[in-house]
Amino acid sequence: MSALKIKKGSSSHSAYDLRDPHAEAIERHTLAVVVDNEAGVLARVIGLFSGRGYNIESLTVAETDHTGHVSRITIVTTGTPSVIEQIKAQLGRIVPVHEVHDLTVEGPSVERELGLFKVAGTGEKRVEALRLADIFRANVVDSTLESFVFEITGTPEKIDAFAELMRPLGLLEVARTGVAALARGDTSK
Amino acid sequence: MSKTQMTGARMVVEALKDQGVEVVFGYPGGAVLPIYDEIFQQNHIKHVLVRHEQGAVHAAEGYARSTGKVGVCLVTSGPGATNAVTGLTDALMDSIPIVVLTGQVPTFMIGNDAFQEADTVGITRPCTKHNWLVKETDRLADTIHQAFHVAMKGRPGPVLVDIPKDVQFASGTYVSPKQARTSHYQPQVKGDIETITKLVAAMETAKRPVFYTGGGVINSGIAATQLLRELVEATGFPVTSTLMGLGAYPANGKHWLGMLGMHGLYEANLAMHDCDLMINIGARFDDRITGRVQDFSPRSKKAHVDIDPSSINKVIHVDMPIVGDVAHVLEDMLRIWKSRGRKTNAEGIRKWWTQIEEWRAVDCLKFEQNGKIIKPQYALSRLEALTKDHADRYICTEVGQHQMWAAQYMGFNEPNRWMTSGGLGTMGYGFPASIGVQMAHPGALVINVAGEASWLMNMQEMGTAMQFRLPVKQFILNNERLGMVRQWQELLHGERYSHSWSESLPDFVKLAEAFGAKGIRCDDPDNLDEAIKEMLAYDGPVIFDCMVEKHENCFPMIPSGEAHNKMLLGEASTKDAIGSKGAVMV
């Protein structure tokens, strides 16, 4: 990774800078962080974000290479361009971090999230929930006479939209995995 | 002896030996007893018993800063580990390579709130470069070797290895440093040639260039220092340095501007403000350096050489970022500059020096020693005059006014001779650091320039100095005040001196005598030289109680929240100098 591709004119802040930190445009970036799956590595990453005041919109982690004990952490974060560059540079210097990829700038990528929705209701509402689930290609993974659990996969926006639709139809509980993302094409990142 | 079975405790000693460790600073306790038992049964590693674990870490820092080697500490679990936290943070802020080994309760008791249990790796995660909890004896030697590798490689820093007691007792296979897995942490040392060439081209035409050097030059090693000196002499550019970088370029060198920053020299700060090409070598645009970032050197092109990519564009946007080790980058810079014909803008640089000489004529460090009260500046000028020709002199400091005066009035002509807590500003650093320095350099003159308040924070280490016969000189500028706090209260808080003096200070001469050391008090400028000579002549630890002017302020000073050219030169310029915005900053 290169920490140096910073847009010209993106000024930066010291801890004692009293300017409005939102003066620059806030961007949303998806980062893929490849790490050794060792004890405490997630705490290091999260501690970096909390300690330096960065945002986490979503974070997912799982071991992706069991023989090599390598995990992939996918982080969706927001910040000004210079803050995003700092986040990548700071992640890059954590000792068990192998690679940091900014999927938002390194070419096209796909992002998916899985959500589970428990919706309770009877009569017309129940039918409507099932019909909307069909439109969103959500699967029913649990059912009683008065409830469904839907499983839906898609972009975070699609899942947000589904949640909005389910709310008036008896939405009881939601569980979301957070974003997993890969670059498109035949190269590995 | 490539592969051998041994206990974990034995492995610790074996691994330290294989890493070339000669001195360990530590304090025993329940969870490290097996390791102490091994230390007892060998003669390769010398153990220095400190009086508090914070002292152990600062001593290791002093050892590391003055040698360029890794400093090593050994402390017990729980309170031993938590007492080490300040030292770890200090070393992290100043990029000092140290390895701290902590004992831990046995693995099967971790999480049970056992006696002297603390989540050491959890507590020290944000204040170490990396840390490890070793759960199997087979992994112990490998982990310790990795720890040394990580502490030294790239931007140096503190690391910690937490070793549960059952892991120390159990047997496992020892691996040597060569067999250890260190391959994956290999930071980039060579800078980007294209950017270096761009920088060289900018150096060829610059009219008002300045080298702004930092602790990275010293951390990079002696080769970096030599290359810097060669480059400065060859180009004729002026050079200034941060507090951490003093000694990389000699203070008696003819291109030396003096230290820059909040209490830096007038000519250095104005050169930074007015330059057209700033070449930052191993410094990090700390807020003590930049002042108000919007007004920091507004008309210059900036290059930044740093081994840590996260330092670049963190505070100040630069035009030529170069990630790499200082020595490697300087070598390439020199090579490329020579091969392009050793060009500089001679006419421009001559004018630039004329301007700098005008600033220098202000003589921002002038002071008047009159009357019967010793001025702190005078005390340090005399200490400098009487010790600068010593063949082997090391200066440590605590934190505060005395630290800044020491940086201003003492000259450093070699690297690794100046040990001070820069980033964290740890009061209580200097005394234990001086112990670490003296352990590394037994015959040297080691002086800790201190304030009485800082010094009291780790005064228990007098016991260490006495036990190990370390003739460290504690030169205390005693103003019976927390001088820097008092100064800020005077300038910022309406002269309301809230808790910035201590009553009931000890009699430092009697205190020295209570430990079996020598105490000297001096409160008369006419006797100062004799008293300093008496301190230097004494073969053993000395506490020098130098009673100084109580309300002296440290100048020059850039008020926080202001630009470099808004510098205060003396008492007359202080009225309402700091606005409410500046008061928010520290």
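A quick note: this is a predicted structure, and the numbers were derived from the prediction, not measured.

(A) Geometry of the pairing of strand S17 (residues 445-451) of chain B. Residue and element names in this part refer to chain B. Judged by how many residues are buried, S17 sits mostly within the fold: six of seven residues are covered. Sheet topology places strand S15 (residues 393-397) next to S17; five bridges connect them, and they run parallel. Paired with cysteine 396 across the two strands is asparagine 448, which belongs to S17. Across five bridges, S17 lies against strand S18 (residues 473-478) in parallel orientation. When the bridges of S18 are listed, isoleucine 447 appears paired with lysine 473.

(B) Focus on the sheet that holds strand S12 (residues 277-281) of chain B. Residue and element names in this part refer to chain B. Spatially, six strands are ordered S11-S10-S9-S12-S13-S14 in an open sheet, and the strand pairing comes out parallel. In this open sheet, the two strands that pair with only one neighbour each are strand S11 (256-259) and strand S14 (320-323). Direction aside, neighbouring strands of the sheet carry axes that sit 15° apart on average. Where strand S9 (residues 209-213) lies against S12, five bridges are found, and the strand directions are parallel. Paired with valine 210 across the strands is methionine 278, a residue of S12.

(C) Broad picture of helix H5 (residues 85-94) of chain B. Residue and element names in this part refer to chain B. Counting buried positions over the ten residues of H5 gives eight, a clear majority of the element. When we look at burial in H5, the residues that qualify are Val85, Thr86, Gly87, Leu88, Asp90, Ala91, Leu92 and Asp94. Phi turns positive, to about 55°, at serine 95, one or two residues after H5.

(D) Looking closely at the sheet that holds strand S1 (residues 27-36) of chain A. All names here are of chain A. In space, the four strands of this open sheet follow the order S2-S3-S1-S4, with antiparallel pairing throughout. At either margin of the open sheet sits one strand with a lone partner, and together these are strand S2 (58-65) and strand S4 (97-102). Across this sheet, the average inter-strand angle for adjacent strands is 20°, counted without regard to direction. Relative to strand S3 (residues 70-79), S1 runs antiparallel, the two sharing ten bridges. Looking at S3, one finds that alanine 32 is bridged to threonine 74.

Scoring rules and cut-offs
- Residues numbered from 1 in each chain as written.
- Chains lettered and ligands numbered in written order.
- Predicted model: local features only at pLDDT ≥ 70, side-chain atom pairs only at ≥ 80, totals over all residues.
- Buried ≥ 20, exposed ≤ 12 C-beta atoms within 10 Å, placed from the backbone.
- Helix = DSSP H or I, 4+ residues; strand = E, 2+ residues; numbered from the N terminus.
- Pairing = 2+ DSSP bridges.
- Axes fitted to C-alpha atoms, helices over the stretch in contact; angles between N-to-C directions.

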